[in-house]
Structures are given as structure tokens and as C-alpha cells.
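Residue-level listing of the chains:
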Amino acid sequence: MIYADNAATTKMSPVALAAMLPALEDNYGNPSSLHSVGQHAAELLQSARETMARCLNCKPREILFTSGGSEADNQALLSAAELGRLKGKKHIISTAFEHHAILHSLKRLEKQGFEVTLLPVGPTGTVTAQQVKEAIRPDTCLVTVMYANNEIGSILPIEEIGAVCRGACCSTPTPCRQWDTCPLTSRPSTSIC
Ligand SMILES: Cc1ncc(COP(=O)(O)O)c(C=O)c1O
């Protein structure tokens, strides 16, 4: 388990800082540009993408860099909801103590006709996989649950929740997909059927 944010109270690791400094000092070009400064930045970006893909055991093209946690949350949530909408599924499950980047986006989706179930958080500061299982419906298109709470640091049983979602996906008659997103600054984990 990689918990990369430590509730936003930990200074950056010296290893990460050392890796970033050359990019900030020397390879500062726009990686989309054709000039050599931009091309150097593009090479560095590609190398970082490949390193992160190896660490996360995924394909480099599956890594999306964003400007921060809210953008990552919005990108994952809104695009997953859109895929659900296209299949006629408009029910979303989340937790009552998500970051506002998720809760506010869920409010917006409610205004667009989605139905949202917010699971209550128990005395140990988490939700259980059983709660998720009981909330899943035939029209559920998305379960979005944070990996660790940004205020109280409780770790959610994300592997068990993922297994419940995969089980629900496999029991639906229509083709479905499942994936996880872990933006390193905000660590939400999202599954979609
Ligand atoms: C779960 C979660 N989502 C989103 C954010 C917001 O991140 P940012 O300020 O980079 O947009 C945070 C910040 O701590 C977070 O913990």
C-alpha cells in the first residue's frame, strides 16, 4: 500500500525533491513544444510516466498527470459518470466523508439526474465492504471511495471494496468494466461497472 500524501502534513521526501529539481531548474520547457527545451521536458515526462507505471504495475498510457487532487477527482468522477449515463445507469455510491472535490461534484451530478448514496462512516472512521455490497443496485454505475481520509487518516478497506465491486460487475448481464484511480496527491479509488 502506498500512501503518498500523509494527510498533507508531511514535508516532501528528499528523494522526490532531488528528482524534481532538475525538472524545475533545467527542463522547464512546455513538453508540448517542438523546441529543444520543450522536447527535453517531454522526455523527462515520459521517463517519469514509465517509472510510475512500473511502480503501479500499469501501462504508461494509463497514467494521467493532473495539476492536483481536485482535478484528478473531477476527471475520474465525471468521466466515469458519463460512461454510466451512456449505459442508462445513474446511481453512484460514495461515502459521507469524501473530500469536497468529490462531494461537490456529486452534488452537480445529482442536479443532472444521478442518484447518490452516501454511506455513513462508522465509529472507527471507515465504511465497510458490506455497506458497499448492500448499497449496490442494478443501476449502480460507480462506487467512489477514498483510500485514506484526508482529515482523520483512517484507511478504508479498498481491496475488499474493490472485490465487492468486481463481484457485482461479474453478476451483471451487460458488459462492464472496472478500474481504479489513485491520484498520488489525493488517493481516491474509483470503481465502475
Ligand atoms: C482526497 C482529496 N481530494 C482532493 C484534494 C484536493 O487536492 P488539491 O488541493 O490538490 O486540488 C485533497 C487534498 O488534500 C484530498 O485529500
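On a predicted model such as this, the values are computed, not experimentally measured, just so you know. (Residues numbered from 1 in each chain as written. Predicted model: local features only at pLDDT ≥ 70, side-chain atom pairs only at ≥ 80, totals over all residues.)

Across its full length, the chain carries six helices and four strands. Listing every helix and strand of the chain by position from the N terminus yields α-α-α-β-α-β-α-β-α-β. Within the chain, the proportion of its 193 residues that are buried is 26%. (Helix = DSSP H or I, 4+ residues; strand = E, 2+ residues; numbered from the N terminus. Buried ≥ 20, exposed ≤ 12 C-beta atoms within 10 Å, placed from the backbone.)

As a general rule, the predicted coordinates of low-pLDDT regions are not to be interpreted in detail. Across the chain, the average pLDDT comes to 85, with 83% of residues at or above 70. Per-element confidence in the chain ranges from a low mean pLDDT of 46 for strand 4 (residues 188-192) to a high of 98 for strand 2 (residues 115-119). The low-confidence segment residues 173-193 (pLDDT under 50) makes 69 contacts with residues lying over four places distant or belonging to another chain. (pLDDT = per-residue confidence, 0-100. Contact = placed C-beta atoms within 7 Å.)

On to helix 4 (residues 100-111). Taking 1.5 Å of rise per residue, twelve residues should cover 16 Å, and helix 4 covers 16 Å from first to last C-alpha, within 8% of that figure. Looking at helix 4, one finds that the buried residues are Ile-102, Ser-105 and Leu-109. Along the long axis of helix 4, the arc covered by the buried residues comes to 70°, so they all point the same way. Set apart from the buried face of helix 4 by more than 90 degrees, the exposed residues are His-100, Lys-107 and Lys-111. Gly-113 lies just past helix 4 and shows a positive phi near 105°. (Expected span 1.5 Å × (residues − 1). Arc of directions from axis to C-beta.)

Let us look at the packing of helix 3 (residues 69-86) against helix 4. Relative to each other, helix 3 and helix 4 sit at 30°, their axes nearing to 9 Å. Along this stretch, helix 3 crosses helix 4, giving a crossing that reads as right-handed. Across from Gly-69, Ser-70, Asp-73, Asn-74, Leu-77, Leu-78 and Ala-81 in helix 3, the residues of helix 4 making contact are Ala-101, Ile-102, Ser-105 and Leu-109. (Axes fitted to C-alpha atoms, helices over the stretch in contact; angles between N-to-C directions. Left-handed = near helix turned anticlockwise from the far one by under 90°.)

Okay, helix 3 next. For helix 3, with 18 residues, the first-to-last C-alpha span of 26 Å sits near the 26 Å given by 1.5 Å per residue. Here helix 3 has its buried residues at Gly-69, Ala-72, Asp-73, Ala-76, Leu-77, Ala-80, Ala-81 and Gly-84. What you see down the axis of helix 3 is that its buried residues fit within an arc of 140°, all on one side. Facing away from the buried side of helix 3, by more than 90 degrees, are the exposed residues Glu-82 and Leu-86. One or two positions beyond helix 3, positive phi appears at Gly-88, with a value near 80°.

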